[in-house]
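Here is how the chains run, residue by residue.
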Amino acid sequence: MAVAVTTKTAWKLQEIMAHSSNVSSVVLGKGSGRMLATGGDDCRVNIWSVSKPNCIMSLTGHTSPIESLQVNPNEKLIVAGSRSGSIRVWDLEAAKVLRTLPGHKANICSLHFHPFGSFVASGSLDTNIKLWDVRRKGCIFTFKGHTEAVRCLRFSPDGKWVASAADDHTVKLWDLTAGKLMFEFTGHTGPVNVVEFHPNEYLLASGSSDRTVRFWDLEKFQVVSCIEEEATPVRCVLFNPDGCCLYSGFQDSLRVYGWEPERCFDVVLVNWGKVADLSISNNQLIGVSFAQSTVSSFVVDLSRVPKSDSVPHGLIRDDQPLVPPTPTGSSLRRIYDRPSTSCSKPQSRVKHNSESERHSPSSEDDRDEKESKAEIQNQEDYKEIFQPKNAICRTPPRNEPFPAPPEDEPGTAKEAVKPSQAVDVQTSLPKQELPDPVQRPLIASSTSLSRTEPSVIPAARNEPIGLKASDFLPAVKSQSQTELVDEEAMSQIRKGHETMCVVLTSRHKNLDAVRAVWSTSDIKNSLDSAVAINDLSVVVDLLNIVNQKASLWKLDLCTIVLPQIEKLLQSKYESYVQTGCTSLKLILQRFLPLITDILAAPPSVGVDISREERLHKCKLCYKQLKNISNVVKNKSGLSGRHGSAFRELLLLMAVLD
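Quantities reported herein were computed from a predicted structural model and do not represent experimental measurements.

### With respect to the overall build of the chain
Move 1: For the chain, the helix and strand inventory stands at 15 helices and 29 strands.
Move 2: Taken over 657 residues, the chain has a buried fraction of 52%.

What follows is the structure in structure tokens.
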């Protein structure tokens, strides 16, 4: 029997010589976790693919060292700020400079892309924050209020606010719609290095050189908790995608925090020095650091890092999302609902206040853009990653997690003890086939009938879905079998009782969690919580209710529901497929004409964040519908009522082709 090899929790992926001079800035693409950009004192921006040793592209044009970098969410644009205060935006697919944005009078210390529109925020040593329209090459608005350098900027997930962290020990929250300061958070006793919005809740995290991490409530505008036990400054922070915990990067360590109450779930020793940026992909955390002219990348296996105080039960997957604190938990903090917003106020203020700041195109600007070049160092990697209109080929190389190296010999291992202990608990569970109780009777059964199970399970209502009554009754070995004694009969009957109880208890908890959100919030937040629970049966129950009242459907719901519909249409349970078909038909009838009209409309003049949000949602829905159309085409050849339902959907989706 082969001996299982224990792999490392954290390891160094690679080290590259990034520039001919000192590296001054590095950033990871947050969309894939596989794109790395570096800026140096040689005034160049170099683009890399994480784990590959060769530079893909080198961007030139800046005349002073690069101080700050940021990649947009879809990793098609990159913005670089220099020591002179100049900002350049590059189109990576077209391999050319898109905009040059002059306006700041000192070093660019921080940059961030708006989640929906073509807007960039910049913070500078001149203490100002500027909001730029990349399309129109102009400064929309200047926010003034900080008294020292602005070190970090982050747009909120709904795109309505921007948070700023500065050397003046404060965190400020700015309203983009009103164009003014909403609130100033004080409490840090040192420069604030990083700030990050929770992906779902109205919660903000900030890390400072005073060696504390603070959590701020954005609804009540007060501190939620403060973690003060650290020995080194906080260099970077990143929330887990589901919002269950916060990862904080320190000198040579990664710490995992909860905030209600404040606690440290785990400490992972990572030999990365002064880590500069973090990203998450494939349940792995990627960290990058730099020293002189080299850049190093590191990987932490998040499946081996505890994200809560609770010991994993190991019985069912459905129960796991209920363990860590979630936006729908005890706090019931408000969730970003991305409401419709109006930008009439900022637009009027733009025309009045920033006319003098807007930089009209001049011969000098044209010369700057002509002097800017993109030198493609590796043609194959460039075509693979940045070739225009190549989205299908762009994703596969980024989806595979990095293979973990084997653990060092005892006594030389550098990982913390705590993660390895958690792994011992987790890795022992799959061997017992406990995580999936629904499939357990099928695996354990020795009869041939269980191995030839039909691909679609009929929607019978006289027995639980996925559980067979025959699996809980004594097996009949032969016609002349002797009568079982009472103890043996009871033992056979109770054989799957605990598994059944676990399944039903979990579903009851999940439905209670969704019901609690529904009673205190709206249908969108209820669907958000149902999706976060990761139990399709709960999603089906909720959709069966929503499908009965078409007026409940909104465009926001479509972006949440469509990925779940894709799963339902491929389910082996007939009832799930029926619910998925019904929901998809409603969406196609009510929203497909709207989506196609908005996508076909010419771009608007001026800044309209509300329209940008609608456009972003329509693009997302269109992409999801295209994915679903492939499933519908494959299923349209089926016979019976399933086939007719899929063929009807195929006709409704013909406009997508």
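### Some words on the packing of aromatic side chains
Given two aromatic rings, their pairing is described by the distance between the two centres and the angle made by the two planes.
Move 1: What the rule picks out here adds up to 12 aromatic pairs.
Move 2: Measuring from centroid to centroid gives 5.1 Å for Phe 141 and Phe 143, while their planes differ by 65°, and the two rings are edge-to-face. As far as burial versus exposure is concerned, Phe 141 and Phe 143 are alike and both buried.
Move 3: On the basis of an interplanar angle of 40° and a centroid distance of 5.0 Å, the ring pair of Phe 185 and Trp 216 is categorised as tilted. With a gap of 31 residues between them, Phe 185 in strand β17 (residues 180–185) and Trp 216 in strand β20 (residues 213–217) connect regions that are remote in the sequence. Here Phe 185 matches Trp 216 in class, with each residue buried.
Move 4: What links up through ring pairs into an aromatic cluster is the set Phe 183, Phe 185, Trp 216 and Phe 221.
Move 5: Directly above the ring of Phe 402 sits Arg 34, whose terminal nitrogen or CZ lies 3.9 Å from the centroid.

### A few points about the pattern of salt bridges
Opposite charge on two side chains makes pairing possible when the charged atoms of those side chains draw close.
Move 1: As enumerated under the stated definition, the model contains 12 salt bridges in all.
Move 2: With a closest N to O distance of 3.1 Å, Glu 196 and Arg 154 form a salt bridge. Of this pair, Glu 196 sits in strand β18 (residues 192–197) while Arg 154 sits in strand β14 (residues 150–155); the two residues are 42 residues apart in sequence, bridging distant segments of the chain.
Move 3: For Arg 154, a relative accessible area of 17% gives the class buried.
Move 4: Salt bridges linked by common partners bring Asp 41, Glu 67 and Arg 83 together as one network.

### Some remarks on the environment of Ser 308
Move 1: Position of Ser 308 among the secondary structure elements: in the loop between β28 (294–301) and α1 (344–353).
Move 2: Linking Ser 308 and Cys 245, residues 63 residues apart in sequence, is a C-alpha distance of 7.8 Å.

### Points about the sheet that holds strand β10 (residues 108–113)
Move 1: Spatial strand order, β10-β11-β12-β13: 4 strands in an open sheet with antiparallel pairing. Every interior strand has two partners, whereas the edge strands, β10 and β13 (138–143), have only one. Within the sheet, the average angular offset between the axes of one strand and its neighbour, ignoring direction, is 25°.

### Comments concerning unusual backbone geometry
Move 1: Residue Pro 261 follows Glu 260 across a cis peptide bond; omega there is 0°.
Move 2: With respect to the secondary-structure elements, Pro 261 resides in the loop between β24 (253–259) and β25 (262–269).
Move 3: We note that Ser 51 has phi near 85°; this positive angle belongs to a residue other than glycine.
Move 4: With respect to the helices, strands and loops of the structure, Ser 51 is situated in the loop between β4 (45–49) and β5 (55–60).
Move 5: Notably, Glu 75 is not glycine yet its phi reads approximately 60°, a positive angle.
Move 6: Along the chain, Glu 75 turns up in the loop between β6 (66–71) and β7 (77–82).

The rules behind the values
- Sequence positions are assigned chain by chain, starting from 1 and proceeding in written order.
- For a predicted model such as this one, the threshold for reporting local features is a pLDDT of at least 70, and the threshold for listing and counting side-chain atom pairs is 80 or more; totals across whole chains, interfaces and linings nevertheless cover every residue.
- By convention in this description, side-chain values take in all heavy atoms of the structure and omit both hydrogens and water.
- A run of H or I in DSSP becomes a helix once it reaches four residues, and a run of E becomes a strand once it reaches two; helices and strands are each numbered from the N terminus.
- Exposure is judged per residue with a 1.4 Å probe applied to protein chains only, and the accessible area is read against the type maximum: over 50% gives exposed, under 20% gives buried, and values in between give partly exposed.
- Centre distance within 6.5 Å is the pairing criterion for rings of Phe, Tyr and Trp, where only the six-membered ring of Trp is used; planes under 30 degrees apart are then read as stacked, over 60 as edge-to-face, and the remainder as tilted.
- In this analysis the charged atom, NZ for Lys or CZ for Arg, is taken to sit over a ring once it is within 6 Å of the ring centre and within 35 degrees of the ring normal.
- Within this document, salt bridges are pairs made up of a side-chain nitrogen of Lys or Arg and a carboxyl oxygen of Asp or Glu, the two lying within 4 Å of each other.
- Note: two strands are recorded as paired if DSSP finds a minimum of 2 bridges between them.
- Helix axes use the C-alpha atoms of the stretch in contact, all axes being lines fitted to C-alpha atoms, and the angles between their N-to-C directions lie in the range 0 to 180 degrees.

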